[in-house]
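In case you want the letters, here they are:
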Amino acid sequence: MSLWLLLAVNSVTLGGLLFLLSAGFSLIFGLMRIPNLTHGSFFMLGAYLGASFLALGLNLWLAALASAAAMAVIGGGIERLLLRRLAGQELAQVLVTLGLSFMIADFCLMQWGGDPIPIDTPAGLRGALPILIITFPTYRLVIVIIAVVVAAALWVMLERTRLGAMIRAGVDDAPMARVTGIRVSRLFTIVFCLGAALAGFAGVIGGPILSVYPGLDADMLPLALIVVILGGTGSLLGALLGSFIIGFLYNFGQALFPELAYIILFLPMLLILLVRPQGLFGRHAP
Amino acid sequence: MTRWVALALALLALVTVPLWIVNGYYVNIVSQILIYAVLALGLNVLVGYAGLVSLGHAGLFGVACYAAAWLVAGGWGHLPAALLALGVIIATSAVFAVLSLRATGIGFLMITLAIGQILWGLAYRWIGLTGGDNGINVPSRPAPFGLSLALSRPFYFFVLIVFLAAVAAMAVFIRSPFGASLKGTRDQPRRMTALGYNVWLIRFLAFLFSGFWSGVAGLLFCYYNQFVSPNVLALSSSAEALLMVISGGTGTLLGPIAGATLVVIMKNVASAYIERWNFLLGAIFVAIVIFMPEGLVPGSVRLWRWSWSLLRRPRAGAALRVGGGRTG
Amino acid sequence: MARTVDRRKFLWGTAMAAVLPWAPAVAQSAPVRIGLLTVKTGPLAQGGIQMEQGLTVFLKQKNSTLAGRKVELISADTGGNPAGAKTKAQELIERDHVDFVVGPLAAFELLAITDYIQQAKVPMMSLAAADDMTQRKPNPYFARASATSSQCNQPLGDYAAKEMKLKRVATISEDFAYGYEQCGGFQKVFEDNGGRVVKKLWTPIATPDYTPYLAQISDVDGVWNGFAGSNPVKFNQQYAELGLKSKYPVMGGWTAYDDALLKSFGDEAVGAISAAWYSSDLDTSTNKRFVEDMVHDYGNIPGGYAAGCYINGMCIEAALEKTGGKTEDKQKVIEALRAVSLTDSPRGAFHFDHFGNVVGNIFIRRIERKNGKLVNTIVKTYSDVGQFFTYDEKQFLAQPVYSRDFPPLKS
């Protein structure tokens, strides 16, 4: 009994982390129609930067925000200098995003070496909290709160601000939005900065659970892809629900079907794609 | 005319590789280039001519590799093993195609990625069949007509023959009515349907053709390394094949070959001199996108024509088209 | 690095020689060449970089001269995959004509090149642990001075049963051959000494969250793990986070608590018991000098990867001394290499068995915090441990190689 409760609670917390990872990916995908294959690298680079900020004496939250800011700048640079000129050229986008991920992975290896770097849980959150009949790590519960806060902030931004209205218009129909006088190209930059910043932020927040190591990028990118495929691109609600569904699939799948552990996430992803190519909550096929 | 001369020179260069490259190691590198070129040519059928971007082709490459290795290690002769492996690859391609052709665009890419990852997971965990990550050792290379391919030079000629067959098959394919209709499904799928073409069937057959050559490359790879492990099916292998096609230039005959050359040389030769070769390879990809987004081969042709025209008519410089060609 | 420049010049020379048939043959006084197959890019680079450091420190101490001959180190980056290992092995052997191959790092890299090495007849010393390389599928040109996957875990099973007095243990390890072989060694000895493995958990290599597995651990006296690479850091963090550390003592193989990982661990690893064939804590003069130089040159406490390559260097030196510095007769070289018996090395005394696998000390260590730093303190030393532990060689080889299902879980 306690096993199932533990798995259920953990599914929610993993879902929270996955949402932080994939929200930015989904926004970029939805608006710019770019499968940003550097997203895992943004996550890893953000985590490494966060580890360095921590070493400078910042606390985890400040390190996460500083890392997010740095990643926004880097993401903005990439969008302005590279992706900008590739609108509509999917293959060139694949080439440039994969090329960048090679560069970032090797840069991290040069800069931080190959040894895994731990990110400490903030002192006050190290313990565990009782939940019914189990105790659960406090920090993981905090991640859920952070994910909910980020989701709410994104929702307000998308639904209640002028910028959000423009982004939504862009997601629905970019050429039409352009006709109505929205500067879509500036939107692209903003969304890409935001996506990169969210990835970097997630990397630091996930640090106390995942630590930072070479290969973290390749571990996380497929997860972001799966969440977005399941939830549908460009849909905030889709990314949120997709994250929690994957959280549950991952936890219960690994525990119940250990024989299928290697394919436990790709099998459902394949089924969804076959049955409903636009994802569970997506409005149109990607 | 120049075209035929260039072709003859290229052929001559390839045939004489073992003469002017003395060290067997470099002959092996050229063999590797040709093997990956066959894979990239196969993938290019989908990416370049059908407009379907697959991130799961290492799955097809790997299944052929495993099938041949498993059969040969199990005591089968090389010829029946190879024939059966090709049958397996056609069947696998058909299943792959039926599943992934439910979508196009990013959906297609994601389905192929998922199938590729599932095959990779199976190779890791279906230990009874694949040996898990310990892989399968292939005891010998085939010996067609009694000629041993154990050494680098005879093996190179074997690979070269298969490579030339692949190039010829591609050339015929592109010029055939079927090739034309495939390009039609890429550019104008609705119009093709309206004209009475079965777009799905055309794509399906193209997938089989693509899968077949990817499988042939897998067989060669199996003979070359005499070892198969789940690594051949990894997502990174699929991505690498795709990068070869895109960086060289999709929808061209030479592009995938150039891309394969670039990647194999960076990984195996440049890495001996440059410690951070992985960074450099990434940077080269980015540079290709900046300077010749249509890929190395079409981009070089464009730059060459442009500089040629500059030489002849100095004021024609404005004719430079940046970002031309079909890349999307 | 000055070495790299030398190397590049040298390699250009050989590259030209490769292309130009009339280039002069290599002079008789050519240096002995050691080719290092390592990994410097990708996720496995962590261990690969340390391998290069260990061998470089050794050659630096010897002023690049072994048994009176100059030695040249040529390192090649396999990228951590089997095909890369094969190509780089060919590069080292056919292009650079190395006399010894040190490496590769991973078992699947080693298995990809073992047939080739046998054909090329080049003596090879690898850190890769695949048991069968020196058991059921031996390679006559291979010697291993580190350990098989199960070699450290067999004494650990003994220690867990006899000294820790554990009765019921759960195991958790990566779902691939290195994990199976380590786990099998532990389970076999632990159960033969009265213990019982009650649950075996296998995790895919890339597992972001171990909780679904850890949640299944209950009603045991201890937990054994066989993680490697950067996974131990993640695993121990999550193990402690879920409150398991205070309930069940944790133990593991050498890659799980390697000395080089100590700087990446925090308090969550304190108390962990591990079995290793090398410990930077060992108090011998050779080891002290090695650790000092590693800290001086690279700022790192060495772990098994660096020590293994350092020790491989020592073996090559001893073999060259025996052959009088000659390397032409490969058969003699590999015989000399396998006959090496050293009393003073960073791992203490060791020699090889007739399969070319090491017989030497296995240290049981506990992680402690001393002066603010984590250290692996040796709590017991098993001397002269071979790959078959206390078992009879014939009987041992008659059983299948340790796998996911062998020994089976008793119900």
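In what follows, the structure referred to is the one given above.
Quantities reported herein were computed from a predicted structural model and do not represent experimental measurements.

Description of the overall build of chain C
Helix and strand counts for chain C come out as twelve helices and 15 strands. Computed over the C-alpha atoms, the radius of gyration of chain C is 21 Å, within 12% of the 22 Å expected from 2.2 N^0.38 for a compact globule of 411 residues. Overall, chain C is about 75 × 50 × 35 Å in size when its C-alpha atoms are taken along their principal axes. Buried residues in chain C amount to 61% of all 411 residues.

Topic: the interface of chain A and chain C
Counting residues at the interface gives 30 residues for chain A, matched by 28 residues for chain C. Every element with two or more residues in the side of chain A that touches chain C is listed here: helix H1 (2–32), helix H4 (90–112), strand E2 (134–137), helix H8 (184–210) and helix H10 (236–256) of chain A. Class assignment of the residues belonging to the side of chain A that touches chain C gives a composition of 19 nonpolar, seven polar and four charged.

What about the environment of Gln111(A)?
Residue and element names in this part refer to chain A. Mapped onto the elements, glutamine 111 comes out in helix H4. On the neighbour-count criterion, glutamine 111 (11 C-beta atoms within 10 Å) is exposed. Expressed as a C-alpha distance, the spacing of glutamine 111 and leucine 125, which sit 14 residues apart in the sequence, is 30 Å.

A closer look at unusual backbone geometry
Residues and elements named next belong to chain C. For the peptide bond that leads from glycine 103 to proline 104, omega is 0°, which places it in the cis range. Along the chain, proline 104 turns up in the loop between strand E4 (100–102) and helix H4 (107–120). Across the junction of phenylalanine 406 and proline 407, the peptide omega takes the value -5°, indicating a cis bond. Here proline 407 lies in the segment after helix H12 (393–398).

Quick notes on the interface of chain A and chain B
Each partner contributes residues to the interface: chain A has 34 residues there, and chain B has 36 residues. Only H4, helix H9 (216–231) and helix H11 (266–275) of chain A provide two or more residues apiece to the side of chain A that touches chain B. When residues in the side of chain A that touches chain B are grouped by element, the largest group, 15 residues, is from H4(A). Its residues placed into classes, the side of chain A that touches chain B shows 28 nonpolar, three polar and three charged.

Calculation criteria
Residues numbered from 1 in each chain as written. Chains lettered and ligands numbered in written order. Predicted model: local features only at pLDDT ≥ 70, side-chain atom pairs only at ≥ 80, totals over all residues. Helix = DSSP H or I, 4+ residues; strand = E, 2+ residues; numbered from the N terminus. Rg over C-alpha atoms; globule rule 2.2 N^0.38 Å. Buried ≥ 20, exposed ≤ 12 C-beta atoms within 10 Å, placed from the backbone. Contact = placed C-beta atoms within 7 Å. Nonpolar A, V, L, I, M, F, W, Y, C, P; charged D, E, K, R; others polar.

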